[in-house]
Amino acid sequence: MATVHLRIGDLVWGKLGRYPPWPGKVVSPPKDLKKPRGKKCHFVKFFGTEDHAWIKVEQLKPYHPHKEEMIKINKGKRFQQAVDAVEDFLKKAKGKEQDLTDSDPEPSTLERLGAAPGSGFKWESSPVKDDPHFHHFLLSQSEKPASSMEPISKRLKIIEEDTGSTSIQAADSTAINGSITPTDKRIGFLGLGLMGSGIVSNLLKMGHVVTVWNRTAEKCDLFIQEGARLGRTPAEVVSMCDITFSCVSDPKAARDLVLGPSGVLQGIRPGKCYVEMSTVDPETITELSQVITSRGGRFLEAPVAGSQQLSNEGMLVILAAGDRTVYEDCSSCFQAMGKTSFFLGEAGNAARMMLILNMVQGSFMATIAEGLTLAQATGQSQQTFLDILCQGQMASTFVDQKCQNILQGNFKPDYYLKHIQKDLRLAISMGDMANHPTPMAAAANEVYKRAKALDQSDNDMSAVYRAYIH
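As the structure is a prediction and not an experimental result, all values here were calculated from the model.

Asker: Outline the pattern of salt bridges, listing residues and values.
Answerer: Taken as a whole, this structure holds 13 salt bridges when the rule is applied. Residues arginine 232 and glutamate 236 are paired through a salt bridge, measuring 2.7 Å at the closest nitrogen-oxygen approach.

See below:
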């Protein structure tokens, strides 16, 4: 194969990990970002995302000669948007080179993260050592950014709001870039379901030392082949590891894992870290936090927003609360499994926020299903309804994928229907305790209960559609 010679400004197709080739441009790397030792590579800024990374030369192809080939083999709305961005760039360039790395950050990012104009606060961004893609966004009044080579706690002066909310934010897809420096701490992981499997795969891929356990032991086999170690019980995993994550189905499973026979509590020793990633109620988190810390352990909750697909892609959003030092110790793990993580203060806050998010998502999914069935009942084309919807303000990958799956009769679980119904139930209960009305969630919950009665529990949440047609 002939060697392809590339230079700054060339448009290319770049391959990152298991992701499809993506259009990008060869650009100059930041001055403080060194080229990987011993590797022939170019620094590429990808279109349609905020990603930029060193890409090996064998993973790069010139843009124009391979354009038709790539468009034929790659599909998806985001991919098409990226190609459109290249074409738009070419039109605007008119023969003149433009450096993509000089573009200003979107002003809406600051607004979205809560730093309102005139508030006196700002979100400071500091790249993690050796990983320019994963940033810490911290609400701060500090005037000068400190050295990026210092520890997180020293790098930025943090002034928190009442919630204590800060965040770590990554640019689009962190689990696919190879610049993450894995922690030298031994990692344990309990629970290899839809979410846990993808998380563990990305932890291993990024070089973490991981010991796994699952109630159904056979699920561990694949990860053992990928380099994981096997723990015979939750207690053994905790005793062998410095930080142990768990991701199970509901509050009862989370309690049983900690308090049951050969459970986590039996392996906790002073200094051991336990991170609860399950979506549960705040009361369960408070109970688990208390029993873990009573044994000298350190506790963090870190439920994840996303789906099986986002878990596999390392694109989850992590909501963390509890021991701030554990949050910092988990930095490389969170980079491997997600695109963004937020620290929300005291234990229980992440559970509350996650239930609110899932309440909104579950209610929205039920409404979309209701719209599709009403369209059919009134003689309207469901596909046309979806096409119109995806051209409006509610357009999103979530809407497009869920509706397409419904129209194709594909209800393979990406997020179990029984789990979203559980989250709605817990959110409604949380509203009751706060004396706050949740009538929309209550209505959606009844529809999901109907779907469960129709044996849809183990299907995707989009199977709520079937509650309207039976």
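What follows picks up the thread again.
Asker: Pulling in residues and values, what's your account of helix α14 (residues 349-377)?
Answerer: Over its 29 residues, α14 runs 42 Å from end to end, which matches the ideal 42 Å to within 8%, given 1.5 Å per residue. After α14 finishes, the residue glycine 379 shows a positive phi value of roughly 80 degrees.

Asker: Can you explain the nonpolar core? Please cite residues and give values.
Answerer: With 35 residues, the main nonpolar core has Phe189, Phe245 and Met277 as its most contacted residues. Here this core gets five residues from one element, more than from any other, and that element is helix α5 (residues 194-205). In this structure, phenylalanine 189 is in contact with Gly196, Ile199, Val200, Leu203, Val210, Thr211, Val212, Trp213, Val237, Phe245, Cys247 and Met277, ignoring residues within four places of it in sequence. One finds Tyr415, Ala441, Ala444 and Ala451 within the second-largest nonpolar core, a separate group that totals 32 residues.

Asker: Before we move on, could you go through the pairing of strand β17 (residues 338-343) and cite the residues and values that matter?
Answerer: With five of six residues buried, β17 is to be regarded as a mostly interior element. Across five bridges, the pairing between strand β16 (residues 316-322) and β17 is parallel. Counted as the bridge partner of leucine 316 is glycine 338 from β17.

Cut-offs applied
- Residues numbered from 1 in each chain as written.
- Predicted model: local features only at pLDDT ≥ 70, side-chain atom pairs only at ≥ 80, totals over all residues.
- Heavy atoms only, no water.
- Salt bridge = Lys/Arg side-chain N within 4 Å of Asp/Glu carboxyl O.
- Helix = DSSP H or I, 4+ residues; strand = E, 2+ residues; numbered from the N terminus.
- Expected span 1.5 Å × (residues − 1).
- Core = buried A, V, L, I, M, F, W, Y, C linked by side-chain atoms within 4.5 Å.
- Buried < 20%, exposed > 50% of the residue type's maximum accessible area, 1.4 Å probe, protein only.
- Contact = heavy atoms within 4.5 Å.
- Pairing = 2+ DSSP bridges.

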